[in-house]
Amino acid sequence: MTVTRFAPSPNGPLHLGHAFSAIVAHDRAARDGGEFLLRIEDIDGVRSRDELADEFRADLAWLDLEYRDVTPQSQRIERYRSAADDLLAMGLLYPCTCTRAEVASAAVAVGPDGPLYPGTCLRRGPTPGLDVAWRLDMEQAVDLAGPLEWTDERRGAQRATPAMFGDVVLWRKDAPASYHLAATLDDAADGVTCVTRGIDLFRATHVHRLLQHLLGLPVPVWHHHAVLVEADGRKLAKRRDAPALADRRRAGEDGRSVAAELRAALFDTGISLSDIINQQT
Ligand code: GLU
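Basis of the calculations
- Residues numbered from 1 in each chain as written.
- Predicted model: local features only at pLDDT ≥ 70, side-chain atom pairs only at ≥ 80, totals over all residues.
- Heavy atoms only, no water.
- Helix = DSSP H or I, 4+ residues; strand = E, 2+ residues; numbered from the N terminus.
- Buried < 20%, exposed > 50% of the residue type's maximum accessible area, 1.4 Å probe, protein only.
- Lys, Arg positive; Asp, Glu negative; His and termini not counted.
- Salt bridge = Lys/Arg side-chain N within 4 Å of Asp/Glu carboxyl O.
- Polar contact = N/O pair within 3.5 Å; in protein donor to acceptor, adjacent residues only side chain to side chain.
- Contact = heavy atoms within 4.5 Å.
- Near = heavy atom within 4 Å.
- Areas by Shrake-Rupley, 256 points an atom, 1.4 Å probe, with all protein chains shown as cover.
- Nonpolar A, V, L, I, M, F, W, Y, C, P; charged D, E, K, R; others polar.
- Axes fitted to C-alpha atoms, helices over the stretch in contact; angles between N-to-C directions.
- Parallel < 35°, antiparallel > 145°, perpendicular 65-115°, else oblique.

Draft legend 1. Focus on the side chain of Arg 135. Position of Arg 135 relative to the elements: it lies in strand S7 (residues 133-136). For the buried Arg 135, no salt bridge is present, and the opposite-charge side chain at shortest range is Asp 167, 6.6 Å distant. Polar contacts involving the side chain of Arg 135 include one to the main-chain carbonyl oxygen of Asp 167, which spans 2.8 Å. The residues contacting Arg 135, other than those within four sequence positions of it, are Leu 92, Leu 93, Tyr 94, Cys 96, Val 103, Tyr 117, Asp 167, Val 168 and Val 169.

Here it is as structure tokens:
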């Protein structure tokens with residue numbers, strides 16, 4: 001059975017781009033008579049707002065998307081900790097006390113998520129008692145894993161190239177697990193067989209594939225879909241005040257029509273959803 005998911009972070013209201021993402025995931029599961037899950041990714045303690053999760057549920061219902069609610073990330077911290085412990089026991093994590101500013105000023109290259117960590121703390125050795133982040137020793141992890149592949153439904157077989165991310169942080173005190181660790185563990189725990197998400201997260205999948213291998217997790221397929229963009233070509237974003245679905249819902253707009261428009265907008269262009277997805281990089 002195909003299981004897909006929509007995994008929003010409650011740090012701002014959902015907008016049309018999220019609606020599109022949820023529709024793609026929902027319809028992908030429905031096509032196979034599968035199941036569509038909602039997972040609230042609320043481990044960013046500073047920015048997460050509890051009340052938004054209920055708004056998200058109401059938004060999905062308004063769009064007429066049937067879903068099953070699974071455990072939010074804030075209730076899964078122990079699982080993340082135990083996976084981090086496993087990686088530590090494998091000698092693949094090391095503590096890092098660098099601030100973001102220190103990383104930025106010492107970095108000599110930039111990766112998909114920003115400045116690549118220059119390995120300062122890898123050479124420094126243990127720093128007991130300090131508030132630290134734990135980084136993956138990428139070189140060792142990649143050596144241990146050997147060549148890995150993964151499959152995107154639209155783009156075919158991919159060779160995993162996680163090294164482009166450098167020594168990613170997997171665990172830290174303030175926002176316990178990183179997105180990479182938490183999402184990878186959750187997709188496995190939730191039985192997700194087809195990870196649907198925006199093409200903007202395509203490269204993150206390289207890291208997730210590596211983590212799956214290291215942690216002995218099942219390997220799903222991925223479906224990276226197009227992201228809606230504004231007229232200037234930039235991705236719709238909460239921080240740029242894309243209109244909230246909740247506002248449209250409260251204003252009495254018909255959510256089914258909004259969903260139908262999103263589906264039809266793709267249809268109207270005369271190219272199929274899969275064509276559009278294929279065009280994305
Ligand atoms: N929580 C992420 C977001 O809101 C989505 C992560 C994912 O789909 O893997 O952007």
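Draft legend 2. Just the site of the ligand, in detail. Taken together, Arg 5, Ala 7, Pro 8, Ser 9, Glu 41, Tyr 179, Arg 197 and Leu 201 make up all the residues around the ligand. Taking Glu 41, its side chain carries an N or O atom lying 2.6 Å from a nitrogen atom of the ligand. For the ligand, the accessible surface in isolation is 300 Å², of which the surrounding protein chains cover 77%. Taken together, the residues that form the shell around the ligand break down as four nonpolar, one polar and three charged.

Draft legend 3. The packing of helix H3 (residues 77-89) against helix H8 (residues 204-215), seen in detail. Relative to each other, H3 and H8 sit at 75 degrees, their axes nearing to 11 Å. By the angle between their axes, H3 is roughly perpendicular relative to H8. Within the contact between the two elements, H3 uses Ala 83, Asp 86 and Leu 87 and H8 uses Leu 211, Leu 214 and Leu 215. Here the contact of H3 with H8 is composed, by residue class, of five nonpolar, no polar and one charged.

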